[in-house]
Amino acid sequence: MSEARTFVIGDIHGAYTALMQCLALSNFNYQRDTLIALGDVCDGWPETAQCVDELLKIRNLVYVLGNHDFWTIEWARKGTTPEIWLEQGGRATMDGYSQGMPQSHQKLLAKAPNYYVLENRLFVHAGILPDMELEYQGQDIFLWDRNLCRMALQLKQEDSERQLSSFTEIFVGHTPTTRMGVTIPVKACNLWMLDTGAAWDGCLTIMDVNTKQYYQSDPVWKLYPGIKGR
């Protein structure tokens, strides 16, 4: 029997077909392997509910909260529908849950941590303030702030071996690598950016945390012809 592996996956944004491609290409074992999802399973393509159903089948799932997940659970539990959420994929999520969000789906998002630490590796949706202890930082930093990515990209030009914090590695989603002109993961200093633009014209990416081998879906827009993502 092969050893259990640990994978990290970027922002899924309702792209169930892309998720299934990534799991198949990586030969992911639902019973033995671990999947760390960096948040934002919600909003964009029309199959958020199917994505969550699939994630819930994974025995060793670690789901980190994303900003779109935050908006979605606020809608599911309180009925709030801010215009910014609706405009950025929220309508597709609402349509996909026309009968309401099941309690199991709500529980996954409501109990999702703001970040996860494994063997001195940090997994967080958006970023952190590198000079402040995590327990003193607000949720808005973990879910929305892009400054860590900007800092890493700038420092990479000066010193690619620079460490951003005491963590050996940091894995984030939220900031699409398509903004950097690529649809593959980007490493800057000790930061890995795993959002490879699945919400728009990029791909969904799953990566082996230890080997850094990664697998990608087809460009997601090709999987949903005639449908607009985010």
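Values in this document were obtained by computation on a predicted structure and should not be read as measured data. (Residues numbered from 1 in each chain as written. Predicted model: local features only at pLDDT ≥ 70, side-chain atom pairs only at ≥ 80, totals over all residues. Heavy atoms only, no water.)

1. Focus on the overall build of the chain
Thought 1: Per the secondary structure count, the chain includes 8 helices and 10 strands.
Thought 2: By the compact-globule yardstick of 17 Å for 230 residues, the chain fits well, its C-alpha radius of gyration being 17 Å.
Thought 3: Projected onto its principal axes, the C-alpha coordinates of the chain cover approximately 50 × 45 × 30 Å.
Thought 4: When each of the 230 residues of the chain is scored for burial, the buried share is 53%.
Thought 5: Within the chain, counting contacts between residues at least 6 apart in sequence, those at least 24 apart form 67% of the total.
Thought 6: Carbon together with sulfur atoms contributes 48% to the accessible area of the chain, which is approximately 10400 Å² in total. (Helix = DSSP H or I, 4+ residues; strand = E, 2+ residues; numbered from the N terminus. Rg over C-alpha atoms; globule rule 2.2 N^0.38 Å. Buried < 20%, exposed > 50% of the residue type's maximum accessible area, 1.4 Å probe, protein only. Contact = heavy atoms within 4.5 Å. Areas by Shrake-Rupley, 256 points an atom, 1.4 Å probe, with all protein chains shown as cover.)

2. Quick notes on a nonpolar patch on the surface
Thought 1: Nonpolar side chains collect at one region of the surface, where Leu129, Met132 and Tyr136 lie side by side and expose about 310 Å² of accessible area between them.
Thought 2: One can find Tyr136 in the loop between strand 5 (121-124) and helix 6 (139-144).
Thought 3: Using a relative accessible area of 62% as the deciding quantity, one classes Tyr136 as exposed. (Patch = residues over 30% accessible without salt bridge, like charges linked within 9 Å, V, L, I, M, F, W, Y side chains within 5 Å. Salt bridge = Lys/Arg side-chain N within 4 Å of Asp/Glu carboxyl O.)

3. Some details on unusual backbone geometry
Thought 1: Phi angles above zero are rare outside glycine, and Asp43 is one such case at about 75°.
Thought 2: Mapping Asp43 onto the fold places it in the loop between strand 2 (34-37) and helix 2 (48-55).
Thought 3: Of note in this structure, Asn120 is not a glycine but carries a positive phi near 65°.
Thought 4: Structurally, Asn120 can be placed in the loop between strand 4 (115-118) and strand 5.

4. Side note on the pattern of salt bridges
Thought 1: All chains considered together, the criterion is met by 7 salt bridges.
Thought 2: Residues Asp33 and Arg5 are paired through a salt bridge, measuring 3.1 Å at the closest nitrogen-oxygen approach. One end of the pair, Asp33, is in the loop between helix 1 (16-25) and strand 2; the other, Arg5, is in the segment before strand 1 (6-9), with 28 residues separating them in the sequence.
Thought 3: On the basis of relative accessible area, Asp33 is assigned to the buried category, the value being 0%.
Thought 4: Beyond isolated ion pairs, a larger network of salt bridges with shared partners links Glu119, Arg121, Glu169 and Lys212.

5. Remarks on the pairing of strand 2
Thought 1: Of the two faces of strand 2, the one carrying Thr34 and Ile36 and the one carrying Leu35 and Ala37 are both buried.
Thought 2: Judged from the 4 bridges that link them, strand 1 and strand 2 form a sheet pairing that is parallel. Its bridge partner being in strand 2, Val8 is matched across the sheet by Ile36.
Thought 3: Traced from strand 1 through helix 1 to strand 2, the parallel crossover comes out right-handed.
Thought 4: The pairing of strand 2 with strand 3 (residues 60-63) spans 4 bridges and is classified as parallel. Within strand 3, the position partnered with Thr34 by the bridge is Asn60. (Pairing = 2+ DSSP bridges. Right-handed = clockwise from strand over helix to strand, strands pointing away.)

6. Examining the sheet that holds strand 3
Thought 1: If you walk across this open sheet you meet the 5 strands as 3-2-1-9-10, and the pairing is mixed. Two strands close off the open sheet at either side, each with one partner strand: strand 3 and strand 10 (214-216). In this sheet, adjacent strand axes meet at a mean angle of 20° when their direction is disregarded.
Thought 2: Pairing between strand 1 and strand 9 (residues 205-208): 3 bridges, direction antiparallel. Paired with Val8 across the two strands is Met207, which belongs to strand 9. (Axes fitted to C-alpha atoms, helices over the stretch in contact; angles between N-to-C directions.)

7. Focus on the side chain of Thr175
Thought 1: As for its position among the elements, Thr175 is in the loop between strand 6 (169-172) and strand 7 (186-188).
Thought 2: Dropping the residues within four chain positions of it, Thr175 is found in contact with Arg146, Cys149, Met180 and Asp195.

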